[in-house]
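Residue-level structure breakdown
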Amino acid sequence: MPAFRVDARDGLALARLDLPGESVNKITRSVRDELDALLTEWASDSRVRAVVLLSGKPDTFIAGADIDEFVRLSSVAEARELVRQGQALINRLADLGKPVVAAIHGACLGGGLEAALACTYRVATDHPKTVLGLPEVQLGILPAAGGCQRLPRLIGARAALDMILTGKTLPASRAGKAGVVDEVVHPAILETAASSVAARLADGWRPRRRAAGRGIAGFLMDRTPLGRRAVFALARRGVLRQTRGHYPAPLAALRAVAHGLAYGVEAGLEMEAALFAELAVGDVSRNLVRIFFATSALKKDPGVTGQAPPPRPVRNVAIIGAGFMGAAIGGVAVAQAGVDVRFRDTDLARVGQGLATARSILDERLKRRRITKFEHRRLTALLSGGTGFEGFGRADLVIEAVFEDLKVKHEVFRAAEAAVPDDCVLASNTSTIPIARVAEATRRPERVIGMHFFSPVQRMPLLEVIAPDRTAPETTVTAVAFGRRLGKTVIVVRDRPGFWVNRILAPYLNEAGRLLEEGLGIEALDAMMVTFGFPVGPLTLLDEVGLDVAAKSAEVLQQAFGDRMAPAKGVHRLREAGRLGRKNGLGFYQYRNGKRRGADRRVYDLLGAAPRAAVAPDEALARMVYAMLNEAALALDEGVVRSARDGDVGAVFGIGYPAFRGGPLRYLDSLGPARVAAELQRLERAWGERFRPAPLVLRLAETGGRFYANA
Ligand code: NAD
């Protein structure tokens, strides 16, 4: 079945791309072949005066190139050849000799946008689903179908670099303002508007575009060699600050843009191809693509093995505890899933505060134009609350986020169960209490599950769903499906202390605490892990999480796993001295007016430690890194996560484990289990039993096995 359907109308060829058997359009080999043949036909057919490119999919124009094709590339030469062919095709589109109008509704990304950029004119719909961008760098590659050449020529180097180097997407309105598209219209008139402009173009009309780089500053920066050099230097510094040299793709893209502007399009295209080829077969891109595939696979994973029952439809959600977490969960539930949310808290002031917080999430979306004013009003009306259990009779799902106290949780679970329908799912957001214990208060433990959200809920992409043995599969699939509607990447984990994320985090944070006591400086310690690739260091993380919250988690883990998980004593002392982290302005760092300042040197006095040079940085790094790797292996072996894939995704999205390393288990594989086992044995001899290698690491070391068997 062909991917393009072409209708001829009034001298126009309306080509509609609808890739068979796929939910989105992507540029596959067959799409390229078909387009190639169509271009030949249009060029020679005198009845065709102009072409309009449309999509037959509801929410995508073209989502990008076919990633499956690029991961199969096995050599630099092969990758280069593939790109050169793609560029030749896009060049043919640009040089058709007849106007081509891209009529864009839905996602227009990567190769899709590059194709659109080669068109004569771009019309996009002002629909929230219409977004445009070149996200290639997020997969460790660069736009190599002319994107690094055409975009800067269209909108100026600065604006183009802003898109290309970050991979961010623009809604249609912003793309219109930036000049990426020529016209933004209502979805109902997309085809008419595109056809009429195609006809005018065929009659010889030419659009007047504002030159890239407006104003004097714009002219100097975008249109003069000296200005451009300054732009590139600035961009390069920005990239290095962001990536710390771990991600080569943005720098490569910068080079391709600069080269093209200096030496012309053809030289630029050659540079794109050469750089793409190197990146595409490199480790960083491979790891980023693996995480991307793992996330995509999780989007389709029902969360249970074997035949999965359908999830229960969730329309009404009740949230008990409208505090810090509950309010944010409610706000996200309304904003993302459009469900009815009913809060319950102990007094009206708290309910009011919770409603205000939830509403602020909607306000933020309105401000960012992610929703319209009308939607904002409609969604706000879905929020309600009270001190009783009114409205719980209609609840499909209850999420509990009260104080972290088993007695209180039991009380609310008992009361909620009496108020909700029999088949309502009861979820707890507890961080440290076993879900099976929470479930003890209910008559229907098969309906009870953990939904562990991370703070801030509106930004953190991960959700851990914790299913104790007695939980019914329908309960699990319902929680997983609902988490996904909230836009979360969901992993199903076992009901073991700390679940997955806090479990692997604990030994790492404990080790950081010990190193601090031994004399490593606060900033030096954090910088070490940022250089390793984490977004923030462990002490910054502790300040953000709160020392009280972290201590509680550490206590539970120590009880469960013994001395291996013993926290550093000093951190406990800091908490007793009233240091809770950012929330009370007293942590490892100083805070003034909500802004973080430098390290708080009083911490050293409280610890009786002074920063000194005696702690060897390499050894400190090894202790923190290997503590987490070993714990990840131990927890995987216990079945805390269902697979290495889930574990790595959880670490990347839950704690910002460096994605270019592919997650802790992938990283362990890349180091080699034998080498990791030997290093852990050395650390054990030097620092104690807590570094005893996980049996699974030893087994893999002996057998030459890997966590990921076939990669
Ligand atoms: P919080 O103190 O901000 O909120 C708790 C809310 O529950 C308060 O508004 C309180 O009035 C209310 N509450 C107490 N008893 C109640 C009852 N009987 N009925 C109704 N409401 C009641 O706490 P939080 O930080 O939002 O934590 C809530 C839960 O989320 C805890 O179980 C915690 O472990 C978990 N959690 C917290 C974080 C975090 O970063 N803070 C992260 C993940 C999970």
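Here, the structure is the one placed above.
This report concerns the structure included in the present document. (Residues numbered from 1 in each chain as written. Predicted model: local features only at pLDDT ≥ 70, side-chain atom pairs only at ≥ 80, totals over all residues. Heavy atoms only, no water.)

1. Notes on the environment of Val477
Residue position: Val477 is located in helix H19 (residues 473-485). Beyond its immediate stretch of four places on either side in the chain, Val477 contacts Pro302, Val304, Ala308, Pro309, Pro310 and Pro311. (Helix = DSSP H or I, 4+ residues; strand = E, 2+ residues; numbered from the N terminus. Contact = heavy atoms within 4.5 Å.)

2. A word on the nonpolar core
Of all hydrophobic cores here, the largest spans 98 residues; its most connected members are Trp500, Phe588, Tyr657 and Phe707. With 13 residues, helix H26 (residues 617-637) is the single largest residue contributor to this core. Apart from residues no more than four positions distant in its own chain, Phe707 is found in contact with Ala633, Leu636, Ala644, Leu665, Leu668, Asp669, Leu696, Val697 and Leu700. Within the second largest apolar cluster, 80 residues are counted, among which are Ala13, Phe61, Ala157 and Leu279. (Core = buried A, V, L, I, M, F, W, Y, C linked by side-chain atoms within 4.5 Å. Buried < 20%, exposed > 50% of the residue type's maximum accessible area, 1.4 Å probe, protein only.)

3. Examining the site of the ligand
Around the ligand lies a shell of 22 residues, among which Met325, Asp345, Arg350, Glu404 and Lys409 are the nearest. Within the backbone of Gly323, a nitrogen or oxygen atom sits 3.5 Å from an oxygen atom of the ligand. In the model, an oxygen atom of the ligand is placed 2.9 Å from a nitrogen or oxygen of the Phe324 main chain. Isolated, the ligand exposes 830 Å² of accessible area, and the fraction of that covered by the protein chains is 83%. Put simply, the parts of the chain that give the shell around the ligand at least two residues each are helix H14 (324-337), helix H17 (406-419) and strand E16 (448-453). For the shell around the ligand, the residue count by class is nine nonpolar, eight polar and five charged. (Near = heavy atom within 4 Å. Polar contact = N/O pair within 3.5 Å; in protein donor to acceptor, adjacent residues only side chain to side chain. Areas by Shrake-Rupley, 256 points an atom, 1.4 Å probe, with all protein chains shown as cover. Nonpolar A, V, L, I, M, F, W, Y, C, P; charged D, E, K, R; others polar.)

4. Quick look at helix H30 (residues 695-703)
Along H30, the residues that are buried comprise Leu696, Val697 and Leu700. Buried residues along H30 cover an arc of 100 degrees about the axis, so they all sit on one side. Buried residues along H30 sit against H26, helix H28 (664-671) and helix H29 (673-687). Immediately downstream of H30, the backbone of Gly704 shows phi near 75 degrees, a positive value. (Arc of directions from axis to C-beta.)

5. A few points about the pairing of E16
Of all the six residues making up E16, six are buried; the element is thus mostly covered by neighbouring parts of the structure. Residues Val448, Gly450 and His452 point to one face of E16 and Ile449, Met451 and Phe453 to the other, with burial holding for every one of them. In this sheet, E16 lies alongside strand E15 (residues 425-428) in parallel orientation, the contact comprising three bridges. Within the sheet, the bridge partner assigned to Ser428 lies in E16 and is Gly450. As paired elements, E16 and strand E17 (residues 462-466) share four bridges and run antiparallel to each other. Bridging across to E17, His452 finds its partner in Glu464. (Pairing = 2+ DSSP bridges.)

6. A short note on the packing of helix H11 (residues 248-263) against helix H12 (residues 265-280)
For the pair H11 and H12, the least separation of the axes is 7 Å and the interaxial angle reads 165 degrees. Relative to H12, the element H11 is oriented roughly antiparallel. In the crossing of H11 with H12, the sense of the turn from one axis to the other is right-handed. Contact with H11, carried on its side by Pro248, Ala249, Ala252, Arg255, Ala256, His259, Gly260 and Tyr263, involves Val265, Ala267, Gly268, Met271, Glu272, Leu275 and Leu279 of H12 and no other residues of that element. Within the contact of H11 with H12, the residues separate by chemical class into ten nonpolar, three polar and two charged. (Axes fitted to C-alpha atoms, helices over the stretch in contact; angles between N-to-C directions. Parallel < 35°, antiparallel > 145°, perpendicular 65-115°, else oblique. Left-handed = near helix turned anticlockwise from the far one by under 90°.)

7. A few points about the sheet that holds E16
Spatially, E13-E12-E11-E14-E15-E16-E17-E18 is the arrangement adopted by the eight strands of the open sheet, whose pairing is mixed. Each having just a single partner strand, strand E13 (383-386) and strand E18 (489-493) make up the two edges of the open sheet. Taken over all neighbouring pairs, the strand axes of this sheet differ in orientation by 25 degrees on average, direction set aside. Packing of helix H15 (residues 348-367) onto the sheet brings it into contact with strand E12 (340-344) and E13, and relative to E13 it is tilted by some 170 degrees. Seen against the sheet, H17 touches strand E11 (316-320), E12, strand E14 (397-400), E15 and E16 and runs at an angle of roughly 165 degrees to E15.

8. Considerations on the sheet that holds strand E4 (residues 60-62)
One open sheet holds the four strands; their spatial order is E4-E6-E8-E9, and the pairing between them is mixed. On the outer flanks of this sheet lie E4 and strand E9 (169-171), each paired with one strand and no other. Along the sheet, successive strands turn relative to each other by an average axial angle of 20 degrees, direction set aside. The sheet contact formed by E4 and strand E6 (residues 107-109) spans two bridges and is parallel. Paired with Thr60 across the two strands is Ala107, which belongs to E6.

9. Remarks on the pattern of salt bridges
Tallying each qualifying case throughout the model produces 48 salt bridges. Here Arg9 makes a salt bridge to Glu191, at a shortest N to O gap of 3.4 Å. You can see Arg9 sitting in strand E1 (residues 4-9) and its partner Glu191 sitting in helix H8 (residues 190-202), a full 182 residues away along the chain. The exposure class of Glu191 is partly exposed, given its relative accessible area of 24%. Among the ionic pairs, Glu69 bridges to Arg29, the shortest N-O distance being 3.7 Å. In this pair, Glu69 sits in helix H2 (residues 67-71) while Arg29 sits in helix H1 (residues 29-44), placing the two residues 40 residues apart along the sequence. (Salt bridge = Lys/Arg side-chain N within 4 Å of Asp/Glu carboxyl O.)

10. Let's talk about unusual backbone geometry
With an omega of -10 degrees, the peptide bond running from Ser455 to Pro456 counts as cis. Structurally, the position occupied by Pro456 is in the loop between E16 and E17. A positive phi is found at Asp10, a non-glycine position, where the angle reads about 45 degrees. Residue Asp10 is classed as exposed on the basis of its relative accessible area, which comes to 72%.

11. Describing empty space enclosed by the protein
Summary: where empty space remains is shown by rolling a probe the size of a single water molecule over the atoms. For the structure shown, the criterion picks out two cavities of 30 Å³ or more. Counted as a void, the largest cavity has a volume near 90 Å³. Contributions of two or more residues to the lining of the largest cavity are made by helix H20 (501-518) and H26. Looking at the lining of the largest cavity residue by residue, the classes come out as four nonpolar, two polar and five charged. Of the pockets and cavities examined, the second largest cavity occupies roughly 40 Å³. Taken together, Leu505, Tyr508, Phe534, Val536, Leu541 and Ile655 form the lining of the second largest cavity. (1 Å grid on protein atoms, 1.4 Å probe; cavity = no way out; pocket = protein on both sides within 12 Å on 5 of 7 lines; lining within 4 Å. Points joined across faces, edges and corners; volume = space filled by probe spheres on them.)

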